[in-house]
Amino acid sequence: MNPQEIIDALRQVRYPGTGKDIVSSGMVEDDIRIQGFMVSFSLIFQKDNDPFMKSLIRAAEAAIKTYVEPNAEVTIHTKLPTATCSEETWQSPNLFHHIIAISSGKGGVGKSTVAANLAVALAAQGYRVGLLDADIHGPSQPKMFRCEDYRPEGEPVNGRDMILPVEKYGVKMLSIGFFVGADKAIVWRGGMASNALKQLINDGYWGELDYFLIDLPPGTSDIHLTIVQALQLTGAIVVTTPQPVALADARKGVDMFQNEKINVPVLGIVENMAWFTPAELPNNRYYIFGKDGGAQLAEEIQIPLLGQIPLVQSIREAGDEGEPIALQAGHPAAEYYHQIAKRL
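Note that this is a predicted model, so its numbers are computed, not measured.

> Explain the pattern of salt bridges to me, please; I cannot follow it from the model alone.
In a structure, side chains of opposite charge can pair up when their charged atoms sit close to one another. All told, the structure shown has 13 salt bridges when counted by the stated rule. Linking Asp-215 and Lys-111 is a salt bridge whose minimum nitrogen-to-oxygen distance equals 2.7 Å. Linking Asp-215 in strand E10 (residues 208-215) with Lys-111 in helix H4 (residues 111-124), this pair joins segments that are 104 residues apart in sequence. With a relative accessible area of 6%, Lys-111 lands in the buried category. The shortest N-O distance in the salt bridge between Arg-128 and Asp-210 comes to 3.0 Å. Of this pair, Arg-128 sits in the loop between H4 and strand E5 (129-133) while Asp-210 sits in strand E10, and the two are 82 residues apart along the sequence. Arg-128 gets classed as partly exposed once you look at its relative accessible area, which sits at 38%.

See below:
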């Protein structure tokens with residue numbers, strides 16, 4: 001074996017986050033050592049909790065045994081990149097104690113409504129809360145917080161310009177919707193969307209937060225992968241309605257977070273639109289989308305059920321008016337979200 005053979009073999013290994021091979025990405029350290037059948041070298045990762053670290057190490061070892069020597073004894077060390085001068089002097093003012101992704105397998109299940117009300121409920125309980133609207137193609141939070149006209153300004157912090165979130169109802173919030181017209185479609189490829197989100201996370205002047213909530217796009221996409229790579233998530237919440245079609249997609253959403261490459265704890269399921277009670281018949285419940293589907297899914301996959309929220313007109317009206325229902329202390333519908341916040 002010789003070092004060039006090792007390098008050529010490692011060119012066959014691609015980093016899942018970018019699709020580029022690990023050699024051209026600069027992930028292979030120049031410290032290859034070969035002695036007989038033993039070979040050792042280092043892989044450079046951007047952070048010590050990279051979700052692809054274990055799988056990439058296995059892939060690199062397999063590549064050497066496949067393309068160079070089947071009997072090779074491979075030892076792979078991991079390193080973090082050497083900090084540049086600018087990185088050493090830059091001190092980020094942001095500190096996130098708990099980072100919670102709010103996800104759904106499909107659109108239309110009320111994920112953004114849950115995210116907005118949960119943020120407001122946590123803030124009402126005295127926590128410092130931030131909310132990132134990461135739904136690139138359908139940002140809803142500017143309307144739900146009645147701040148569609150807000151245009152973020154820059155603020156110099158430690159010699160670097162940062163983006164000021166809007167602060168409303170005790171919640172700091174940034175959305176891609178602030179940077180485009182409310183009636184304009186965002187036609188971006190995945191890479192552009194991912195870079196925009198990274199900028200809102202890293203260059204947003206969030207400060208110290210007890211809870212940083214992220215309203216993800218529906219489904220499973222590269223946006224989800226970007227968030228996992230950019231942040232060390234505390235966990236995820238999956239929102240679903242009780243109907244079988246939504247539950248099938250919710251199951252996929254749970255599986256995505258539990259995948260070996262992602263490995264993010266799912267903290268619980270929220271069943272939205274669980275039943276409908278008309279105002280004139282307050283003791284009646286009509287299970288329009290099916291009964292207890294989210295509760296049964298949670299029990300089946302052994303994940304906590306954080307709460308069931310009924311289909312209530314006042315929740316929809318409050319969201320459309322830009323004043324999430326959780327602001328109305330004592331309102332029966334608001335209490336559902338406050339209970340979910342306490343369980344979380």
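Now that the structure is up, let's keep going.
> Explanation requested: the nonpolar core in the structure shown.
A general trend in soluble globular proteins is that nonpolar side chains are found buried together. Grouped together as the largest cluster of nonpolar side chains are 98 residues, with contacts concentrated most on Phe-41, Leu-132 and Ile-214. Considering every element that reaches this core, the biggest residue donor is H4, with nine residues. Other than its neighbours up to four places away in sequence, Phe-41 contacts Ile-6, Leu-10, Val-28, Asp-31, Ile-32, Ala-60, Ile-64, Val-74, Thr-75, Ile-76 and His-77.

> Just to check I follow, could you spell out the sheet that holds strand E2 (residues 38-44) for this structure?
Strand pairing in a sheet is mediated by backbone hydrogen bonds. Such pairs are either parallel or antiparallel. Taken together, the three strands give an open sheet; going across it, the order is E1-E2-E3, and neighbouring strands pair in mixed fashion. Where the open sheet ends on each side, the last strands, each with one partner, are strand E1 (33-35) and strand E3 (73-79). Strand after strand, the sheet turns through a mean of 20° between neighbouring axes, direction not considered. Docked against the sheet, helix H2 (residues 53-67) engages E2 and E3, running at close to 145° with respect to E3.

> Before we go on, may I ask you to explain the packing of aromatic side chains in this structure?
Tallied over the entire structure, the rule returns seven aromatic pairs. Joined through ring pairs, the aromatic side chains of Phe-96, Trp-206 and Phe-212 make up one cluster. Here the basic side chain of Arg-285 rests over the ring of Trp-275, its NZ or CZ set 3.7 Å away from the ring centre.

> Quick question: what am I supposed to make of helix H11 (residues 332-343) here?
Given 3.6 residues to a turn, an α-helix orients residues that are three or four positions apart in the same direction. Over its 12 residues, H11 extends 17 Å from the first C-alpha to the last, a length consistent with the 16 Å expected when each residue adds 1.5 Å. Taken as a whole, H11 has its buried residues at Ala-333, Ala-334, Tyr-337, His-338, Ile-340 and Ala-341. Down the axis of H11, the smallest arc covering the buried residues is 155°, so these residues share one side. Looking at H11, the residues exposed on the side facing more than 90 degrees away from the buried face are Pro-332 and Lys-342. Where H11 is buried, its residues meet H4, strand E12 (266-276), strand E13 (305-311) and helix H10 (313-320).

> How do you make sense of the side chain of Ser-314 when you look at a structure like this?
With respect to the helices and strands, Ser-314 occurs in helix H10. You can call Ser-314 buried: its relative accessible area is 19%. Among all residues touching Ser-314, those that are not within four sequence positions of it are Ile-325, His-331 and Ala-333.

> How do you make sense of the environment of Glu-260 when you look at a structure like this?
By the secondary structure assignment, Glu-260 is in the loop between helix H8 (244-258) and E12. Take Glu-260: its relative accessible area is 56%, and that puts it in the exposed class. Separated by 208 residues in sequence, Glu-260 and Phe-52 have C-alpha atoms that sit 8.4 Å apart. When residues no more than four places from it in sequence are discounted, the contact partners of Glu-260 are Pro-51 and Arg-58.

Calculation rules
- Within each chain, residue numbers correspond to sequence positions counted from 1 in written order.
- pLDDT decides what is reported in this predicted model: residues at 70 or higher carry local features, side-chain atom pairs at 80 or more are listed and counted, and totals for whole chains, interfaces and linings draw on all residues regardless.
- The basis for the side-chain values is all heavy atoms of the structure; hydrogens and waters are excluded.
- Each salt bridge in this description consists of a side-chain nitrogen of Lys or Arg and a carboxyl oxygen of Asp or Glu lying within 4 Å of one another.
- Put simply, DSSP marks the helices as runs of H or I at least four residues long and the strands as runs of E at least two long, and each gets a number from the N terminus on.
- Here's how the labels work: a residue is buried when its accessible area is under 20% of the maximum for its type, exposed when over 50%, partly exposed in between, all with a 1.4 Å probe on protein chains only.
- Throughout this description, the term nonpolar core refers to a set of buried Ala, Val, Leu, Ile, Met, Phe, Trp, Tyr and Cys residues connected via side-chain atoms within 4.5 Å.
- Contacts: residue pairs with any heavy atoms within 4.5 Å of one another.
- Two strands form a pair only when DSSP identifies at least two bridges running between them.
- Note on geometry: axes are lines fitted to C-alpha atoms, helical ones only across the stretch in contact, with angles between N-to-C directions running from 0 to 180 degrees.
- Only Phe, Tyr and Trp rings take part, Trp by its six-membered ring, and two of them pair if their centres are within 6.5 Å. Stacked means planes under 30 degrees apart, edge-to-face means over 60, and tilted covers everything else.
- In this analysis the charged atom, NZ for Lys or CZ for Arg, is taken to sit over a ring once it is within 6 Å of the ring centre and within 35 degrees of the ring normal.
- Here a helix's expected span is defined as the number of its residues, less one, multiplied by 1.5 Å.
- The arc in question is the one spanned by the directions pointing from the helix axis to the C-beta atoms.

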